[in-house]
Amino acid sequence: MYMNKILKIVTACLVLPVSFLCANTQEVQEEKQNSCCCIENSFGYLNVGVGPLPELIPSFGIGYRAQKDHHGFDLSGSIAKTLMQTTVRASVLYNYFFKPSLESEFYAGLGIGLKGVHEKTEFMNNSHVAVYPELVFGKQYRNETNCQRFFQMQIGFPVFALDKIVKKTWTHRKSSYSISYPTSYKTSYVPEVIFSYGIGF
């Protein structure tokens with residue numbers, strides 16, 4: 001009788017630590033699975049924007065972005081038009097997602113932008129091209145219908161402009177040839193800030 005009691009006590013002393021150890025191991029495995037980033041996401045999008053501030057010129061664009069865990073890239077192009085000016089932009093960006101989640105995540109990015117501007121008035125017809133590094137800060141999320149959305153701020157600074165594009169034409173053997181080239185270069189240290197809202201498809 002005493003032996004049975006001793007066996008039960010010894011068995012309980014052995015089983016309880018093992019059960020506790022197994023429970024802890026399972027919790028650790030669940031924590032590792034939850035903390036492991038296994039997110040892959042990609043989609044095309046349309047976007048609308050305003051800028052560069054303080055101007056509120058509307059722009060419309062299209063792009064594609066992809067993400068794997070913390071890292072992603074974005075390719076986009078847009079056009080903005082007023083009565084006297086047309087601006088076309090293209091951007092290539094690397095995005096870093098701080099806490100990857102398909103439901104909602106913040107990101108920051110760095111890349112390069114290119115723009116072409118054409119100004120035409122009654123007294124002027126001028127074009128120029130500019131290139132600039134870009135910073136981007138934004139939030140990407142899924143709405144209640146599970147569709148991809150994002151809003152972001154893009155900052156171009158400084159802007160290196162190839163100014164005063166000149167078209168030179170010459171004739172050879174009754175054929176006409178032309179070439180366009182910049183005649184001056186200038187750098188703008190005024191940041192170009194554009195806000196945009198993207199709709200995934």
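The structure this text deals with has already been given above.
This text gives an overview of the structure that appears in the document.

**Side note on the overall build of the protein**
Now for step 1: Counting secondary structure elements, the protein contains one helix and ten strands.
Now for step 2: Traced from its N-terminal end to its C-terminal end, the protein shows the element sequence α-β-β-β-β-β-β-β-β-β-β.
Now for step 3: Residues classed as buried in the protein amount to 31% of the 201 residues present.
Now for step 4: When contacts within the protein are restricted to residue pairs at least 6 apart in sequence, those whose partners lie at least 24 apart make up 52%.
Now for step 5: Surface accessibility of the protein: about 13,800 Å² in total, with carbon and sulfur atoms responsible for 66%.

**So, unusual backbone geometry**
Now for step 1: With an omega of 10 degrees, the peptide bond running from Leu 53 to Pro 54 counts as cis.
Now for step 2: Here Pro 54 shows up in the loop between strand 1 (40–50) and strand 2 (58–68).
Now for step 3: A cis amide bond links Phe 157 with the next residue in sequence, Pro 158, at an omega value of -15 degrees.
Now for step 4: Turning to its location among the elements, Pro 158 is positioned in the loop between strand 7 (148–156) and strand 8 (159–172).
Now for step 5: If you check the backbone angles, Asp 69 has positive phi at about 55 degrees while not being a glycine.
Now for step 6: If you trace the backbone, Asp 69 turns up in the loop between strand 2 and strand 3 (71–81).
Now for step 7: Positive phi, close to 65 degrees, is recorded for Asn 146, a residue that is not glycine.
Now for step 8: With respect to the helices, strands and loops of the structure, Asn 146 is situated in the loop between strand 6 (125–142) and strand 7.

**Looking at the pattern of salt bridges**
Now for step 1: Scanning all chains against the criterion turns up three salt bridges.
Now for step 2: With its nearest N and O atoms 2.6 Å apart, the salt bridge here joins Lys 115 to Glu 192. Taken together, the positions of Lys 115 in strand 5 (residues 104–120) and Glu 192 in strand 10 (residues 192–200) put the pair 77 residues apart, joining distant regions of the chain. Across the pair, Glu 192 and Lys 115 agree in class, each one buried.
Now for step 3: When salt bridges that share partners are traced, they join Arg 89, Lys 115 and Glu 192 into one network.

**Focus: the pairing of strand 4 (residues 85–97)**
Now for step 1: As paired elements, strand 3 and strand 4 share eleven bridges and run antiparallel to each other. Looking at strand 4, one finds that Ala 80 is bridged to Thr 87.
Now for step 2: Here strand 3 hands over to strand 4 after three residues, the two strands then running antiparallel side by side.
Now for step 3: Both strand 4 and strand 5 contribute to a ladder of 13 bridges, which runs antiparallel. By the bridge assignment, Val 88 is partnered in strand 5 with Gly 116.
Now for step 4: The hairpin turn running from strand 4 into strand 5, its antiparallel successor, is six residues long.

**A word on the packing of aromatic side chains**
Now for step 1: Throughout the structure, instances matching the rule amount to seven aromatic pairs.
Now for step 2: Ring centres 4.9 Å apart and planes at 85 degrees place the aromatic pair Tyr 45 and Phe 150 in the edge-to-face group. Remark: Phe 150 occurs in strand 7 and Tyr 45 occurs in strand 1; sequence separation between them is 105 residues. For the pair Tyr 45 and Phe 150, one class covers both residues: buried.
Now for step 3: By way of ring pairs, the aromatic residues Phe 43, Tyr 45 and Phe 150 are connected into one cluster.

**Quick word on the side chain of Ser 91**
Now for step 1: Position of Ser 91 relative to the elements: it lies in strand 4.
Now for step 2: Note on Ser 91: relative accessible area 7%, which makes it buried.
Now for step 3: Only 2.8 Å separates the side chain of Ser 91 from the side chain of Glu 134, close enough to count as a polar contact.

**A few points about the nonpolar core**
Now for step 1: In terms of nonpolar packing, the biggest core is built from seven residues, these being Phe 43, Tyr 45, Leu 93, Phe 97, Tyr 107, Val 136 and Phe 150.
Now for step 2: Secondary-structure elements contributing two or more residues to this core are strand 1 and strand 4.
Now for step 3: The contact partners of Phe 97, leaving out residues within four places of it in the chain, are Gln 67, Asp 69, His 70, His 71, Gly 72, Glu 105, Phe 106, Tyr 107 and Gln 140.

Conventions we followed
Residues numbered from 1 in each chain as written. Predicted model: local features only at pLDDT ≥ 70, side-chain atom pairs only at ≥ 80, totals over all residues. Heavy atoms only, no water. Helix = DSSP H or I, 4+ residues; strand = E, 2+ residues; numbered from the N terminus. Buried < 20%, exposed > 50% of the residue type's maximum accessible area, 1.4 Å probe, protein only. Contact = heavy atoms within 4.5 Å. Areas by Shrake-Rupley, 256 points an atom, 1.4 Å probe, with all protein chains shown as cover. Salt bridge = Lys/Arg side-chain N within 4 Å of Asp/Glu carboxyl O. Pairing = 2+ DSSP bridges. Phe/Tyr/Trp six-rings, centres within 6.5 Å; stacked < 30°, edge-to-face > 60°. Polar contact = N/O pair within 3.5 Å; in protein donor to acceptor, adjacent residues only side chain to side chain. Core = buried A, V, L, I, M, F, W, Y, C linked by side-chain atoms within 4.5 Å.

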